[in-house]
Amino acid sequence: MTQISGKVSKDLKKTLSFLALGLVFAAFAVSLVRFALGRTGERRIFYFQSLDDGHVCTEIRFLSPDAVQGSVAFFVDELLLGPMTNRYSRLFTPGTVAEFCIVQDNMLHVGLSADALRRAVDTSPLKTGVELLRRNVLANFSGIRGVFVYIDGKQAW
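In this text, all values refer to a predicted model and were calculated from it rather than measured experimentally.

Asks: Account for the overall build of the protein chain, naming residues and giving values.
Replies: For the protein chain, the count of helices and strands is three helices and seven strands. Its helices and strands in sequence order give the protein chain the pattern α-β-β-α-β-β-β-α-β-β, from N to C terminus. Here the protein chain has a C-alpha radius of gyration of 26 Å; the compact-globule value for 157 residues is 15 Å, and the former is much larger. By principal-axis analysis of the C-alpha atoms, the protein chain measures approximately 95 × 35 × 20 Å.

Shown next, in the form of structure tokens:
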């Protein structure tokens with residue numbers, strides 16, 4: 001009797017071990033598929049100024065490649081929303097929007113609302129904000145050779 005119960009116990013342990021191993025592999029497969037499908041969009045690098053020391057820092061985001069307004073305008077809109085990281089400063093005052101964003105002859109023309117002229121505590125200085133806007137666009141879109149920024153209808157720097 002003990003010989004039979006010992007054999008059943010070994011078979012049960014072996015079955016449970018294979019079952020546990022199978023569950024681990026299944027969980028890994030599900031995780032791998034979710035990881036592969038979860039990264040939809042184009043990888044974009046955003047540059048913002050640090051509130052702590054003023055250095056330029058990066059932030060990675062994945063943006064939809066089929067945005068209604070186009071990839072460049074969508075990128076500019078995301079940039080104007082500001083950083084996702086707490087200790088980075090926005091380029092322009094909250095409420096600043098792109099009134100137009102046109103690519104013509106490999107040059108980008110971006111018109112910002114008058115809100116960009118106001119300065120808040122957690123925003124970069126205006127000239128730095130314009131320079132970072134240019135840097136962001138040129139770093140992420142190789143087909144664009146230059147960026148012209150207009151604030152309230154007037155060209156900035």
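Asks: Kindly report on the sheet that holds strand 2 (residues 56-63), identifying the contributing residues and their values.
Replies: The strands that make up a sheet pair up through hydrogen bonds in the backbone, lying either parallel or antiparallel. Overall, antiparallel pairing links the three strands, which are arranged 2-1-3 in an open sheet. A single partner strand is all that each edge strand has here, and the edge strands are strand 2 and strand 3 (88-89). Sheet topology places strand 1 (residues 42-50) next to strand 2; eight bridges connect them, and they run antiparallel. Looking at the pairing, Ile45 lines up with Ile60 of strand 2. Of the strands in this sheet, strand 1 and strand 2 are in contact with helix 2 (residues 71-81), which crosses strand 1 at around 35°. Its contacts with the sheet put helix 3 (residues 126-140) on strand 1 and strand 2, and the angle it makes with strand 1 is roughly 160°.

Asks: Let's hear about the environment of Met107: which residues, and what values?
Replies: You can see Met107 is positioned in strand 5 (residues 107-112). With 42 residues separating them in the primary sequence, Met107 and Pro65 have C-alpha atoms 20 Å apart. Those residues within four positions of Met107 in sequence are excluded, and the remaining contacts are Ile102, Arg145, Gly146 and Phe148.

Asks: Describe unusual backbone geometry, naming the residues involved and giving the relevant values.
Replies: Even without being glycine, Asp105 reaches a positive phi, approximately 55°. With respect to the helices, strands and loops of the structure, Asp105 is situated in the loop between strand 4 (98-104) and strand 5. According to the relative accessible area criterion, Asp105 is exposed, its value standing at 70%. The backbone of Asp152 sits at a positive phi, close to 55°, despite the residue not being glycine. For Asp152, a relative accessible area of 43% puts it in the partly exposed group.

Each value, and the rule that gives it
- Residues numbered from 1 in each chain as written.
- Predicted model: local features only at pLDDT ≥ 70, side-chain atom pairs only at ≥ 80, totals over all residues.
- Heavy atoms only, no water.
- Helix = DSSP H or I, 4+ residues; strand = E, 2+ residues; numbered from the N terminus.
- Rg over C-alpha atoms; globule rule 2.2 N^0.38 Å.
- Pairing = 2+ DSSP bridges.
- Contact = heavy atoms within 4.5 Å.
- Axes fitted to C-alpha atoms, helices over the stretch in contact; angles between N-to-C directions.
- Buried < 20%, exposed > 50% of the residue type's maximum accessible area, 1.4 Å probe, protein only.

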